[in-house]
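The residues making up each chain are set out below.
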Amino acid sequence: DLYSFCTLLLLRMAHTDPQVPAATDGEVFKEVVSSDFLGFNFRSSATYSEQLERAVAKTGQGCAITVKVRTLPQCGKQIVAISHNFGFLGGSLGCAEGEKIVRGFEHGRKHKLPVVIFCKSGGARMQEGTLSLMQMAKVSVAVGAHRSLGLPFITVLLDPTYGGVSASYAMQSDVRISISEARIGFAGPAVILNTMYEMNQKKYDEECPAEFQSAQFLEKRGQLDIVLPSAKGKELDDSIDNKISDILNVLLGGRPVVNSTTSPPEAQNEDVQLDYAKSRSISRPQAQDVIAEVFSQFTELEGDGRVGSDRCIRGGLAKFEGVRCVVVATCKGHTPSKMKEANYGMPSPPGYRKALRLMELAERFSLPVVTFVDTCGALPSFEAEEVGQSEAIATNLVAMAMLKVPIITIVLGEGGSGGALGIGMGDRIGMMSSAYYGVISPEGAASILGRYANDADKAEQFPVDCKALATAQCIYAPALKKLGVIDEIIWETKGRENETHNNFPLLKADISNFILRSLEELSKKEAADLVSNRYDRFRGMGIFSTSGGLEGESIDCLPSPISLSQNIATSGGAPISYAMEPSPKNPVPTPTPTPKPAAPPSRPVKPPQVPSKLLNCIANETIAGDRSAHKGLWPFEGGVPPTAIDALAGDLPAPPRCEMYAKKILDEQGPEALAKWVREQKKVLITDTTMRDAHQSLLATRVRTTDLVDAAKEAQRVMGAQEGVFSFECWGGATFDVAFRFLHECPWDRLREMRKAMPDVCFQMLVRGANAVGYKSYPDNTIAEFCKLAAEAGMDVFRIFDCFNDVEQMKVCIEAVRAAKKVAEVCICFTGDFLVEEEKIYTLEYYKNLARDVVAAGAHMIGLKDMAGLLKPSAAAPIMKALREGAGDEIPIHFHTHATSSISLATILAMSDAGCDIVDTCISSMADGTSQPSLNAFLADLETAGNERFPGIPYLSLERLDSFWARIRSLYSPFESGMLSGTARVYDHQIPGGQYSNLIVQSKSMGLESRWSEICDMYRDVNKLFGDIVKVTPSSKCVGDLALYLVQRQMTCEDVLTRGHLIEFPQSVIDMMAGRLGYPHLGFPEKIQKIILKEVEPIKRGTRPGDSLPPDDFKKEEAALKQRLGRDVTSEEVISSLLYPKVFSDYLDYIEENSIDVKRLQSDVFWYGMSVGQKTVVPNCEEFKGNTEITLKRVGPITHGSNRDLTFEVVVNGTPQDQRIVRVKDVDLDGGFSGPMADASDVNQIGSPMTGNVEKVIVTEGQVVQKGEKLAIVGAMKMEVDVSAPFAAKVKKVLATKGAKYEEGGLMFVLEAQ
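I will try to describe carefully the structure that is included in this document. What you see is a predicted model, and the numbers here were worked out from it, not measured in a lab.

Observations regarding the overall build of the protein chain
Line of reasoning, step 1. Counting secondary structure elements, the protein chain contains 46 helices and 41 strands.
Line of reasoning, step 2. Over its C-alpha atoms the protein chain spans a radius of gyration of 43 Å, topping by over 25% the 34 Å that the globule rule assigns to 1314 residues.
Line of reasoning, step 3. If you line up the protein chain on its principal axes, its C-alpha atoms span 125 × 95 × 70 Å.
Line of reasoning, step 4. Put simply, the protein chain has 1314 residues, and 54% of those count as buried.
Line of reasoning, step 5. Counted over contacts in the protein chain with a minimum sequence separation of 6, partners at least 24 positions apart contribute 73%.
Line of reasoning, step 6. If you sum the accessible surface of the protein chain, you get close to 55700 Å²; carbon and sulfur atoms cover 53% of it.
Line of reasoning, step 7. Across the protein chain, the mean location of the 142 positive side-chain charges is 3 Å away from that of the 166 negative side-chain charges.

Pasting the structure below:
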């Protein structure tokens, strides 16, 4: 076989003449020189031949290697010294160098001399091509042949040692020595920088490990045995020679034979108090102390030779009474720093591998091994398990079983489990009388076997049980000697018990005596006998029963099963006494325990727990949430900011209630009376948008009901029943679907809860005309039903708009609101800039005519809706004049704007001065940016003596509410738009404030955050492509969808015009171009409409989309929902399902899976999960039936299948429940696409058109599809794109699955053309 062939080959290569000729000191093999056999020349000022000539002239050598035989004066031993000369082409390894090194090894074999190589090289020589690489292999076979003769090989790694030299013979030696200044590695820093960092020096510097490729770096990672301190010249040379001499003094000399005149210790016959705790005394001698006292010429060797080092297991070469040997020991340390350095006496896998390497070295040079055991056990750490603690110990056991040299083991202190056995399989084993040796520590055994009634019982009984178990398990030396585990007890009596690590002459003598007698006995045995005897020794260990009875000799020192049970349950705490005589004729008696009357309690059997949906939801958010507090992904330091509404020092009291205010007039007299009353007011009225548009604009509409209701209670206190307060905008718009889609709560419940908290103000909502609160046109009966239900749930003012200012699209909604006797505030959406001559579309005449049409349609009020904040202060008077001319003087005008440009506060003040009746503002901590102007600042400006426009609310009375919203905003900070200041750029891109933050969230989800500036420019360009339309939901969403889509695909608007027939446009854009949202008053550019629609037939201009839509069947939808839910359903649920079928269905699925109580969670828990030790309160929890306190007690480690167990403590109505354990999967937060990419050159492979999630897979494998037929839908946030068949085909393979995350170009389908 291959192994036999290689062995024979090495033996043949190692064959030498039996008569070993003497070697002469001096240089050899000068005749070997480098040559340019390739004629190498590459863009260099000098050819390789010329470089060689210069190197020869510079160094006086024919190549970079010299080989000398020299005698070390320190030990008188000859060595073959092979040295690199860095001055000769960087000491690089070429063919001549390889030849001289191999000849040096052969010379060493011929004369039976050790080889020492002094390495100093940049690596293999490129100018000699592949043959220079092969020198690594050539030298390696020479190393193997040298090793087969048992001859030492030492390397000294100087500065630098890189490349092929470090990756071959430099690291193949028996002992590796270096100096502290040396740089050592395979790939040099320049290679790593170029290859892995693409010359990114900054990134390289940031990630480069400390002391990278230094001798100390390699020593800490176990790849060097010895690092000598800094020195130069003769001092360095002497230091190296001294260390080499120390090593050779041990490695050379053949197998030692020992003759001893010592005698075994006398038998002890005295009372000994056995207590395992004595083995842990910090003052008792430890292995490092014994080595220093008992051995001479100890040369410590570091590391496992591979990847790790360990300061617990230490060892090296030494002499004992002149006998050359290898010493291996577990060490602890006597000071805190030394104990920490030694892992507190617990070995790691590199330590065991170091021991293995030393034992193999001992076998190679026929040296006995002496091991000292003093460890509580192998290191129980994550890292130790990762790098193979079990494997390391297991490998050592087999290696010791087969080792062909003697092994002598002494258990000095603790002999903890497999950690001790990993270096403890001695042919002769001695044990200190105060030591212990067992399968588990007494404490560990008591923790598993003990049963305790309570903490007090455990505190009293646990120490007693530990001592009882120590005896019961026979871990003390007398019992272990009787069991045949050890051979001899080294007694710590007759004065020895008071010796310490600083002074232990008697103990030193006893240990030396044992080692010497053991060496005498074992050194006379042949290797085969050692292995055979070791087999018999350990093969015979164990006592067991078979069907025929007890196997092996009965050991009378063992307690019976009955007494063992009693020990654990009832034994007393007094030390156990023995009369000791280490003789088989005098067996150790069984101790008699002192009984304890009370029996330990049994563990009750608990009924199985019902899985908790709510706890599972919290656990998933804690572990898998993308803002997990447990994983440190939340934005807070030092915990979540408090959100309670606190009284502030210096608060002004709330203003007194007024006799007449908007809500009272509406409820008692109706909307017409309210409109009349508003026009009669001299003061400007305010609408607070904080609860709707402000958080939509700043926080992506993510504020939850529980926080809104808390705010509503304080708002009622300071702004309820106030003459100057017209309304609170708190519902509608994006808040409706976001509540279902992202917050998993019911928007109808929100409306009712807020109305209960704030009864004395008008509630205002945003409704998108024929689009209701959706993004498409709905049947007229659905619009009417929605408005009716909203009014019944507490809505007062319906701000109605159409995304193209089409009054016909708003009429159904207006009529429904009027029928409910609520306020129809009909909006004119503002865009453009009529102050500039270039404006030809959105002129003052345009707005005047719109105002006339709005009033004719039945508006109670006109809302001027400036979505992007484009109206400047100088335009206030002209626009008010135009609107009054169009609408007449009796219709109130309500102005809404955004602060994106930073000028909006001045604008609303100018509008107030121009006679505007109502202006939109929001609380100052939620103002500005893309939100509304500050209510506090607006009030402060008007709060001057005699200003008749002042609404009557002191701005300081709002400070408590303002402080609350500041805390809420901090809690929701991950959803911030990232806009730190206003920007006049809004006049260019015209992105509405309510869309701005959502567009940023979309861009983040699609990986486009860094390209925000491009998105703004693309938004502007797409708007122009569409013909400069009014941009408000849902038309603004269509502009944003296409802008994101084009930026992601690295396309431009010009590409749409030239390559549009190849583009799968977002569905929202197709719907808009088809007229399903209505039409701008000038229509869409015909060319772009045809490109986007392709073969889709648009709705005819001049007709409403609702005219062609059949009425929704409410009864049918109700029946379907009733069947699904198994209960009666409300009209609100029916209308929600019709408005958002998929979103509402997903909401129902979520509640079914995660509990309706999710809406009751505190917001910090909902968004960030919980941290260990955190407590949260869930009021009126349906699942646990009462007020529920939940505390996260523990987050367990990741187990098989990427699962974690979370432990919760639950208290319901003050009564503690059983702890709950919830298992959840710890998913990769990135969740990135890992599937194959579509081959762009293969038309049959269909890739995802964008980064997003698969919303729906429409086709199945084997299905035949026609050109343009939908295969799937991919979505990102609220944008959806169809994946369509580019030609008639058969679906050969479906790789896409619903919910899967895809990157653009990820392979979704494979087609087969038909």
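Back to the text.
As for the packing of helix H43 (residues 1114-1125) against helix H45 (residues 1141-1154)
Line of reasoning, step 1. Put simply, H43 and H45 touch, their axes get as near as 12 Å, and they point 20 degrees apart. The angle between H43 and H45 places the two elements in the roughly parallel class. At the point where H43 passes H45, the crossing takes the right-handed sense. Where H43 approaches H45, its residues Leu1121, Arg1124 and Leu1125 are matched on the opposing element by Phe1144, Ser1145, Leu1148 and Asp1149.
Line of reasoning, step 2. Split by residue class, the contact of H43 with H45 holds four nonpolar, one polar and two charged.

Focus on the sheet that holds strand S40 (residues 1301-1302)
Line of reasoning, step 1. Taken together, four strands build an open sheet; the order of strands is S38-S37-S35-S40 and the sheet is antiparallel. Both outer strands of the open sheet, strand S38 (1279-1284) and S40, are each paired with one neighbouring strand and no more.
Line of reasoning, step 2. Pairing between strand S35 (residues 1252-1257) and strand S37 (residues 1270-1276): four bridges, direction antiparallel. Directly across from Asn1253, in S37, lies its bridge partner Gly1275.

Here's the deal with the packing of aromatic side chains
Line of reasoning, step 1. If you walk through the whole model with that rule in mind, you get 30 aromatic pairs.
Line of reasoning, step 2. Summarising the aromatic geometry, the rings of Phe212 and Phe217 are spaced 5.4 Å apart at their centres and angled 80 degrees between planes, so their arrangement reads as edge-to-face.
Line of reasoning, step 3. Of the residues examined, Phe212 reaches a relative accessible area of 26% and is grouped as partly exposed.
Line of reasoning, step 4. Grouping aromatic residues by their ring pairs yields a cluster made of Trp731, Phe736, Phe740, Trp748, Tyr775, Phe786, Tyr1140, Phe1144 and Tyr1147.
Line of reasoning, step 5. The ring of Phe1166 carries the charged tip of Arg704 above its face, separated from the ring centre by 4.2 Å.
Line of reasoning, step 6. The residue whose ring lies beneath Lys1037 is Tyr775, and the NZ or CZ to ring-centre distance is 5.8 Å.

Description of the pairing of strand S15 (residues 428-432)
Line of reasoning, step 1. Of all five residues that make up S15, five are buried, and the element is covered over most of its length.
Line of reasoning, step 2. Every second residue of S15 is oriented toward a common face, with Arg428, Gly430 and Met432 on one face and Ile429 and Met431 on the other, all of them buried.
Line of reasoning, step 3. Where strand S14 (residues 407-416) lies against S15, four bridges are found, and the strand directions are parallel. Pairing of Thr409 across the sheet is with Ile429, part of S15.

Considering the packing of helix H28 (residues 747-757) against helix H29 (residues 780-793)
Helices that pack against each other are described as a pair by the angle of their axes relative to one another and the distance between those axes.
Line of reasoning, step 1. Viewed as axis vectors pointing N to C, H28 and H29 meet at an angle of 35 degrees, and their least axial separation amounts to 9 Å. On H29, the residues touching Trp748, Leu751 and Arg752 of H28 are Phe786, Leu789, Ala790 and Ala793.

Here's the deal with helix H25 (residues 690-699)
Line of reasoning, step 1. Where burial is concerned, most of H25 is hidden: ten out of the ten residues are buried.
Line of reasoning, step 2. Ala700 sits one or two residues past H25 and shows a positive phi near 55 degrees.

Looking at the state of the cysteines
Line of reasoning, step 1. Per the stated rule, a full pass over the model turns up zero disulfides.
Line of reasoning, step 2. For Cys746, which is in no disulfide, the shortest distance to another cysteine sulfur is to Cys730 and amounts to 14 Å.
Line of reasoning, step 3. The buried category is assigned to Cys746, whose relative accessible area is 15%.
Line of reasoning, step 4. Here Cys1181 is not disulfide-linked; the sulfur of Cys617 is the nearest cysteine sulfur, at 11 Å.
Line of reasoning, step 5. Overall, Cys1181 belongs to the buried group, its relative accessible area being 2%.

Thoughts on the pairing of strand S6 (residues 175-179)
Line of reasoning, step 1. A large share of S6 lies buried, amounting to five of its five residues.
Line of reasoning, step 2. The alternating pattern of S6 places Val175, Ile177 and Ile179 on one face and Arg176 and Ser178 on the opposite face, and all of these are buried.
Line of reasoning, step 3. Two strands pair when backbone bridges link them, and strand S5 (residues 153-162) and S6 are joined in this way by four bridges, in the parallel orientation. Bridged to Ile154 within S6 is Val175.
Line of reasoning, step 4. Bridge count for S6 against strand S8 (residues 226-228) is three bridges, and the pairing is parallel. Each bridged residue has a counterpart across the sheet, and for Ile177 the counterpart in S8 is Ile226.

Some details on the pattern of salt bridges
Line of reasoning, step 1. Enumeration according to the criterion identifies 89 salt bridges in this entry.
Line of reasoning, step 2. Residue Glu391 pairs with Arg353 through a salt bridge whose shortest N-O separation is 2.5 Å. Of this pair, Glu391 sits in helix H14 (residues 389-402) while Arg353 sits in helix H12 (residues 349-364); the two residues are 38 residues apart in sequence, bridging distant segments of the chain.
Line of reasoning, step 3. On the basis of relative accessible area, Glu391 is assigned to the partly exposed category, the value being 41%.
Line of reasoning, step 4. The partner of Lys1175 in a salt bridge is Glu1189, with the nearest N and O atoms 3.7 Å apart. Linking Lys1175 in strand S29 (residues 1175-1181) with Glu1189 in strand S30 (residues 1186-1195), this pair joins segments that are 14 residues apart in sequence.
Line of reasoning, step 5. By relative accessible area, which is 31% here, Glu1189 ends up partly exposed.
Line of reasoning, step 6. Linked through salt bridges whose partners overlap, the residues forming this network are Glu300, Glu302, Arg311, Arg314, Lys338, Glu341 and Lys354.

Calculation notes
Residues numbered from 1 in each chain as written. Predicted model: local features only at pLDDT ≥ 70, side-chain atom pairs only at ≥ 80, totals over all residues. Heavy atoms only, no water. Helix = DSSP H or I, 4+ residues; strand = E, 2+ residues; numbered from the N terminus. Rg over C-alpha atoms; globule rule 2.2 N^0.38 Å. Buried < 20%, exposed > 50% of the residue type's maximum accessible area, 1.4 Å probe, protein only. Contact = heavy atoms within 4.5 Å. Areas by Shrake-Rupley, 256 points an atom, 1.4 Å probe, with all protein chains shown as cover. Lys, Arg positive; Asp, Glu negative; His and termini not counted. Charge placed at Lys NZ, Arg CZ, Asp CG, Glu CD. Axes fitted to C-alpha atoms, helices over the stretch in contact; angles between N-to-C directions. Parallel < 35°, antiparallel > 145°, perpendicular 65-115°, else oblique. Left-handed = near helix turned anticlockwise from the far one by under 90°. Nonpolar A, V, L, I, M, F, W, Y, C, P; charged D, E, K, R; others polar. Pairing = 2+ DSSP bridges. Phe/Tyr/Trp six-rings, centres within 6.5 Å; stacked < 30°, edge-to-face > 60°. Lys NZ or Arg CZ within 6 Å of the ring centre and 35° of its normal. Disulfide = S-S within 2.5 Å. Salt bridge = Lys/Arg side-chain N within 4 Å of Asp/Glu carboxyl O.

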